[in-house]
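# Chain and residue survey
So the chains spell out like this:
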Amino acid sequence: MLLSKLFPDRPELRGRMDVDIAGLTLDSRTVKPGYLFFCIKGYETDGHRFAGKAHDAGAAAIVCTEPVEELPGTVYIHVEDMNAEINRISDLYFGRPSRHMTMFGATGTNGKSTLTSVISDVYSHYRPCGYMGTIAIRYGDYSRVPNLTTPDQIETHSNLKEMVDHGMEACAMEVSSQGLDRGRVDSVDFDCAVFTNLTHDHLDYHKTMERYLAAKERLFTNLKPEAVAVLNADDVISIDALKRDIRCRFVTYGTDQGQELTDENGYPVHGTHSPVGSPDTIDYFAQEIQQSATGCTFTLCHAGKTYRVTTNLAALYNVYNLLGAIAAMHECGMPIEEMLPYLEHVAQVDGRMDRVEEGQDFTVIVDYAHTPDGYEKIFGYAKEITEKNGGHIYAAFGCPGKRDTVKRPIMGEIAGRYADGVVLTSQDPRGSDPREIAEDILEGVRKTDCAWEFEPDREKAIEKAIRHAGPGDVVLTLGKGGESYMYHEEGRRPWMTDKAACQKALRKLLGKEK
Ligand SMILES: CC(=O)N[C@H]1[C@@H](OP(=O)(O)OP(=O)(O)OC[C@H]2O[C@@H](n3ccc(=O)[nH]c3=O)[C@H](O)[C@@H]2O)O[C@H](CO)[C@@H](O)[C@@H]1O[C@H](C)C(=O)N[C@@H](C)C(=O)N[C@H](CCC(=O)O)C(=O)O
Ligand SMILES: Nc1ncnc2c1ncn2[C@@H]1O[C@H](COP(=O)(O)OP(=O)(O)OP(=O)(O)O)[C@@H](O)[C@H]1O
């Protein structure tokens, strides 16, 4: 696309200075001849420092907010608002792909991957629907591993174009609070945005819960008037702020159980629940919820009608994820009756409540819980399973290096309250010492009478947790989900996956493998 087309209000770029732009990038290290390079002021460094490098690599044009040395052969374009320009140009360059699809966005502390995966799985039976988020960039039979949950503006629009080119008519996208704060989706034309919940996470980045919520609100305040917001009525912290600030229509979802309320650290204040609504006050309302180890059934009340929903997704929190997904899909045209058969067999969300079966007489679950609330939910679920038969709970987990350190002892204490034994291990150390991270977690574990040990090798740690288990027990491996890599100082290194580690340990235990 011609440079002059990307900057239609700059007549000086027409004629001699005009040039065909071969690609867009925010990183001088990926500039190729003919590229347009945007100089961004980041946290670590300032992209303006690399304008010379971008020129040397053949950049056709460089967009900047600060003066840079202007070298021959490259066009320099000075702008006021860099984020607005990157958003505008990447949307335009890739042919405004989000306008060609029904765009679902989901944000919130927990549940984004699950909810958007359910949407892309079920809505695809209505209209082809891609998925972009922590787990993958996926459309049809194609899938690849992403770098970020919500990639930068250029990659976002480039991925969306790829989906349009491959026949997708919809996309379910996870939108992280960091992505929102950095304006990565400001030019995505969302038709529907879903809020899951707000509890403690990412305070290393946002510092306070107020700022964390404000980042998440950006998805909703940016919605066009004809869009629809889907709000969790039982999330008392977010619902009022979101209702107040959005300019479009909204619908709500909730259950007859209400959500347990948490304090400012993300600790549930046991016994305190959000006020329970009713089918008259909540648009998509679940009642008569029956849970089993392998799924749930509930009655969905919407617009005066009731539907019996059966699903293979287990645990109450997944009823919330399902309600958010049902509401979003229905608001975007898919009849509820049409969804029901597909909800019965939702595709396993990779690494979320993923049971590992090798014929053992105890339960092994791989899960992506990595927040205090996620821990409450998954350990609470393990307790429900073991309570009936007096079984024990064992867990292997760590916390990531160079990320929210405040949550480490909180999660340690939650694990310690529920588990009989925990094996603390490495989990994306990013160059930090796993033992030091474990010490932070232990501050919480030591407040309980849970037994603990430290094993830095994650594969061995998982094996140790499994070796503790006996009939009727539950083993949880937490925090990595289905990820096939681990972050170290230099970046990602391959990781066999928690599931493969569990399978290997179980086979050894059962004598199927040495
Ligand atoms: C905190 C954060 O979000 N940082 C993002 C941010 O980095 P930054 O502001 O530190 O950038 P910087 O390193 O200062 O560099 C400034 C600019 O100079 C450029 N540069 C830099 C060096 C060079 O040689 N040449 C060059 O051009 C960089 O490409 C950048 O454009 O901008 C970069 C370019 O877009 C992102 O890659 C980077 O994401 C980092 C890798 C990251 O880890 N982000 C995480 C926290 C994140 O966003 N996570 C969320 C969700 C997590 C969750 O749910 O758990 C996500 O959406 O993935
Ligand atoms: N609605 C929910 N409320 C609380 N916890 C949840 C909820 N949904 C999922 N979880 C827990 O959080 C974990 C992560 O779920 P999921 O990947 O869907 O969330 P996410 O918001 O996409 O997280 P991330 O963006 O960090 O990947 C699950 O493995 C589960 O333990």
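Residues numbered from 1 in each chain as written. Chains lettered and ligands numbered in written order. Predicted model: local features only at pLDDT ≥ 70, side-chain atom pairs only at ≥ 80, totals over all residues. Heavy atoms only, no water.

The chain carries the name UDP-N-acetylmuramyl-tripeptide synthetase in an unreviewed UniProt entry, which gives Eubacterium pyruvativorans as its organism. Here is the UniProt Subcellular location (unreviewed entry) comment for the chain, exactly as written: "Cytoplasm". (UniProt positions renumbered as here; feature names shortened; annotations may be inferred.)

### Considerations on helix α4 (residues 112-123)
Taking 1.5 Å per residue, 12 residues should reach 16 Å; α4 reaches 16 Å between its end C-alpha atoms and fits that length. Taken across its 12 residues, α4 has 11 buried, putting it largely inside the fold. For α4, the set of buried residues is K112, S113, T114, L115, T116, S117, V118, I119, S120, V122 and Y123. (Helix = DSSP H or I, 4+ residues; strand = E, 2+ residues; numbered from the N terminus. Expected span 1.5 Å × (residues − 1). Buried < 20%, exposed > 50% of the residue type's maximum accessible area, 1.4 Å probe, protein only.)

### Notes on the site of ligand 1
Looking at ligand 1, there are 23 residues lining it, with E44, T45, T149, S176 and R182 nearest. Here L26 contributes a backbone N or O atom positioned 3.0 Å from an oxygen atom of ligand 1. One nitrogen or oxygen atom from the side chain of S176 is found 2.6 Å from an oxygen atom belonging to ligand 1. With the chains in place, 75% of the 1,100 Å² that ligand 1 exposes on its own is no longer accessible. There are two domains that each give the shell around ligand 1 at least three residues, and those are domain 1 (3-80) and domain 2 (98-343). (Near = heavy atom within 4 Å. Polar contact = N/O pair within 3.5 Å; in protein donor to acceptor, adjacent residues only side chain to side chain. Areas by Shrake-Rupley, 256 points an atom, 1.4 Å probe, with all protein chains shown as cover. Domains from an automatic or database assignment.)

### A few points about the site of ligand 2
Around ligand 2 lies a shell of 18 residues, among which K112, S113, T114, R352 and D367 are the nearest. Between an oxygen atom of ligand 2 and a side-chain N or O atom of R352, the distance comes to 2.7 Å. Y368 places a main-chain nitrogen or oxygen 3.1 Å from an oxygen atom of ligand 2. Taken by itself ligand 2 offers 620 Å² of open surface, and the protein chains cover 96% of this. Mapped onto the shell around ligand 2, the elements with two or more residues apiece are α4, α10 (316-331) and α12 (372-387). In terms of residue count, α4 provides more of the shell around ligand 2 than any other element does, 3 residues in total.

### What about the environment of G95?
For G95, the position within the fold is in the loop between α3 (82-93) and β5 (102-107). With a relative accessible area of 37%, G95 lands in the partly exposed category. Here the alpha-carbon distance between G95 and G258, two residues 163 residues apart in the chain, equals 43 Å.

### What about the pairing of strand β9 (residues 170-174)?
The buried fraction of β9 amounts to 5 of the 5 residues, a majority that puts the element mostly inside the structure. The side-chain alternation of β9 yields two buried faces, one formed by A170, A172 and E174 and the other by C171 and M173. The pairing of β5 with β9 spans 5 bridges and is parallel. What sits directly across from M103, in β9, is C171. As defined by bridge partners, strand β6 (residues 129-132) adjoins β9 across 4 bridges and the pair is classed as parallel. Bridge assignment links G130 to a residue of β9, and that residue is C171. (Pairing = 2+ DSSP bridges.)

### Focus on the packing of helix α13 (residues 407-418) against helix α14 (residues 434-445)
Between α13 and α14, the shortest axis-to-axis distance is 6 Å and the interhelical angle comes to 50°. For the element pair α13 / α14, the angle class is oblique. Seen along the crossing, α13 lies across α14 with a hand that is right-handed. Mapping the contact onto sequence places R408, P409, G412 and E413 in α13 and I437, D440, I441, E443, G444 and V445 in α14. Split into classes, the residues belonging to the contact of α13 with α14 amount to 4 nonpolar, 2 polar and 4 charged. (Axes fitted to C-alpha atoms, helices over the stretch in contact; angles between N-to-C directions. Parallel < 35°, antiparallel > 145°, perpendicular 65-115°, else oblique. Left-handed = near helix turned anticlockwise from the far one by under 90°. Contact = heavy atoms within 4.5 Å. Nonpolar A, V, L, I, M, F, W, Y, C, P; charged D, E, K, R; others polar.)

### A word on the sheet that holds strand β18 (residues 354-355)
Spatially, β18-β19-β23-β20-β21-β22 is the arrangement adopted by the 6 strands of the open sheet, whose pairing is mixed. Strand pairing shows two members of the sheet lacking a second neighbour, β18 and β22 (451-454), which therefore form its edges. Of the strands in this sheet, β20 (393-397), β21 (421-424) and β22 touch α14, which is tilted by about 170° from β22. Contacting β19 (363-367), β20, β21, β22 and β23 (474-478), helix α15 (residues 458-468) runs over the sheet at an angle of about 180° to β20.

### Focus on the domain arrangement of the chain
One can read the domain layout of the chain as domain 1 (3-80), domain 2 (98-343) and domain 3 (354-509). Between the C-alpha centres of domain 1 and domain 3 there is a distance of 46 Å.

### A few points about the packing of aromatic side chains
Aromatic rings in a pair are described by how distant their centres are and how their planes are angled relative to each other. Under the criterion given, the structure shown has 9 aromatic pairs. Ring centres of Y375 and F379 lie 5.6 Å apart, and the angle between their planes is 65°; this geometry places the pair in the edge-to-face category. Highlighted residues: Y375 and F379, both in helix α12, separated by 4 residues, approximately one helical turn. In this pair, the class of Y375 matches that of F379, namely buried. (Phe/Tyr/Trp six-rings, centres within 6.5 Å; stacked < 30°, edge-to-face > 60°.)

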